[in-house]
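# Descriptive structure summary
Here is how the chains run, residue by residue.
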Amino acid sequence: MGIREEMPLLARHEGEWEGTYTYVDPDGTVVDRHHARLTCTLPDSGDWDYYQINRYTWEDGRTEEHRFPGTYLGQGRCAFDTERIKGEFWAVDDDTIYLSWIYKETDADLRLFELIVLSPDGNTRNRVWQWIRGGKCIQRTLIDETRVPS
């Protein structure tokens, strides 16, 4: 069995997503907000079992694009290790994926923990990142996304 069969919730995320990333400090003050378009694929061939492309756009015209190739580890777990981040993810129930990762360019004490909750109809998802340093939350990222019809 492969990633599609062993990670059926991840397979339900395959496709294009658009949404907004909102970053808030520990007091809830918005410190950044930008638009995002994500492409999530489970390639049938090639070097990667999972492949995600994130495209970000800010109101001032700035843009960024990041690619996240993933390797299926078996037993419902997937890992990613790029020049930017390193981590793992897996489903915790029928609707929720859990991720844990680090940004490689920052000190090792900064860790991020993410929950992604997919709606029953598969057309919206809500995500939250918690940025933890020294056991304390220093920031949260709130993400609301809608599937782009194919």
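Below, the structure is looked at part by part. (Residues numbered from 1 in each chain as written. Predicted model: local features only at pLDDT ≥ 70, side-chain atom pairs only at ≥ 80, totals over all residues. Heavy atoms only, no water.)

### Topic: the pairing of strand 8 (residues 110-118)
When a strand is regular, its side chains alternate between the sheet's two faces. Operational definition: Burial status follows relative accessibility: with a 1.4 Å probe on protein chains alone, a residue under 20% of its type maximum counts as buried, one over 50% as exposed, and anything between as partly exposed. In DSSP terms, a helix is any run of H or I states spanning at least four residues, a strand is any run of E spanning at least two, and both are numbered starting from the N terminus. A pair of strands is treated as paired once DSSP finds two or more bridges between them.
In strand 8, alternate side chains face the same way, and those of L110, L112, E114, I116 and L118 are buried while those of R111, F113, L115 and V117 on the opposite face are not. Bridge count between strand 7 (residues 96-103) and strand 8: six bridges; the pairing is antiparallel. By the bridge assignment for strand 8, T96 is matched with V117. In the sheet, strand 8 pairs with strand 9 (residues 124-133) via nine bridges, with the strands oriented antiparallel. By the bridge assignment, E114 is partnered in strand 9 with W129.

### Focus: the pattern of salt bridges
Cut-off, in case you're wondering: Salt bridges are defined as contacts in which a side-chain nitrogen from Lys or Arg sits within 4 Å of a carboxyl oxygen from Asp or Glu.
On inspection of all chains with the given rule, the structure shows 12 salt bridges. As a salt-bridge pair, R67 and E65 come within 2.8 Å of each other at their nearest N and O atoms. E65 sits in the partly exposed class, given a relative accessible area of 41%. A salt bridge links D81 to K104, with the nearest nitrogen and oxygen atoms 2.4 Å apart. With a gap of 23 residues between them, D81 in strand 5 (residues 77-81) and K104 in the loop between strand 7 and strand 8 connect regions that are remote in the sequence. On the basis of relative accessibility, which here comes to 38%, the residue K104 falls in the partly exposed class. Salt bridges sharing common partners tie together E114, R125, R127 and E145.

### Points about unusual backbone geometry
In the Ramachandran plot, Q75 falls in the positive-phi region, its phi being about 55 degrees despite a non-glycine side chain. Residue Q75 is classed as exposed on the basis of its relative accessible area of 77%.

### As for the side chain of R125
Convention followed: Residues adjacent in sequence count toward polar contacts only when both atoms are side-chain atoms; beyond that, a polar contact is any pair of N or O atoms within 3.5 Å, and within protein one must be able to donate a hydrogen and the other to accept it. In what follows, residue pairs with any heavy atoms lying within 4.5 Å of each other are defined as contacts.
On the secondary structure map, R125 appears in strand 9. Classification of R125 as buried rests on a relative accessible area of 3%. At 2.6 Å, the side chain of R125 and the side chain of E145 are in polar contact. With sequence-adjacent residues up to four places away left out, R125 is seen in contact with H13, W17, L38, C40, I116, V117, L118, I143, D144 and E145.

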